[in-house]
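Structure at a glance
Residues per chain, in single letters:
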Amino acid sequence: MEENNDVHTEFFGTYVQALIDRDAAAIADHYAVPAQTEFPGQRIAVTDANQTERFFAGAFAQYEGRR
């Protein structure tokens, strides 16, 4: 049981740090590919990790000033 806790702690620790650092490539490393992202009225097939990286890189501006 402790091993599972360690895996989750490491995953979320590195994910949070990537978000704080605004490191789109590191964030994208936390997502599976291929995947499908669902938005209201829109589906996006994610076939490449670069799609996820570009998505987060493009979204950073809306979080300016937040940490």
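To start, this report covers the structure provided alongside it. (Residues numbered from 1 in each chain as written. Predicted model: local features only at pLDDT ≥ 70, side-chain atom pairs only at ≥ 80, totals over all residues. Heavy atoms only, no water.)

**As for the nonpolar core**
- Counting residues in each nonpolar core, the largest one holds six residues, listed as Tyr15, Ala18, Ala24, Ile27, Phe56 and Phe60.
- Put simply, the parts of the chain that give this core at least two residues each are helix H1 (2–21) and helix H2 (24–28).
- Leave out the neighbours within four places in its chain, and Tyr15 touches Ile27, His30, Tyr31 and Phe56. (Core = buried A, V, L, I, M, F, W, Y, C linked by side-chain atoms within 4.5 Å. Buried < 20%, exposed > 50% of the residue type's maximum accessible area, 1.4 Å probe, protein only. Helix = DSSP H or I, 4+ residues; strand = E, 2+ residues; numbered from the N terminus. Contact = heavy atoms within 4.5 Å.)

**Focus on helix H3 (residues 49–59)**
- Within the span of H3, buried status applies to Thr52, Phe56 and Ala59. Projected down its long axis, H3 carries its buried residues within an arc of 65°, all on one side. Set apart from the buried face of H3 by more than 90 degrees, the exposed residues are Arg54 and Gly58.
- For H3, the side-chain oxygen to backbone nitrogen distance between the N-cap and Asn50 is 2.6 Å, and the N-cap itself is Asp48. (Arc of directions from axis to C-beta. Polar contact = N/O pair within 3.5 Å; in protein donor to acceptor, adjacent residues only side chain to side chain.)

**A look at the pattern of salt bridges**
- What the rule picks out here adds up to one salt bridge.
- Glu38 is the salt-bridge partner of Arg43, the closest N and O atoms lying 3.1 Å from each other.
- According to the relative accessible area criterion, Glu38 is partly exposed, its value standing at 48%. (Salt bridge = Lys/Arg side-chain N within 4 Å of Asp/Glu carboxyl O.)

**With respect to a negative patch on the surface**
- On the surface, Glu2, Glu3, Asp6 and Glu10 cluster together into a patch of negative charge.
- Here Glu10 is to be found in helix H1.
- Its relative accessible area of 55% is what places Glu10 among the exposed residues. (Patch = residues over 30% accessible without salt bridge, like charges linked within 9 Å, V, L, I, M, F, W, Y side chains within 5 Å. Areas by Shrake-Rupley, 256 points an atom, 1.4 Å probe, with all protein chains shown as cover. Lys, Arg positive; Asp, Glu negative; His and termini not counted. Charge placed at Lys NZ, Arg CZ, Asp CG, Glu CD.)

**Comments concerning the side chain of His30**
- Position of His30 relative to the elements: it lies in the loop between H2 and strand S1 (35–39).
- In terms of polar contacts, His30 uses its side chain to reach the side chain of Thr14, at 2.8 Å.
- A polar contact of 2.8 Å, which involves the side chain of His30, links it to the backbone oxygen of Ala26.
- When residues no more than four places from it in sequence are discounted, the contact partners of His30 are Phe11, Thr14 and Tyr15.

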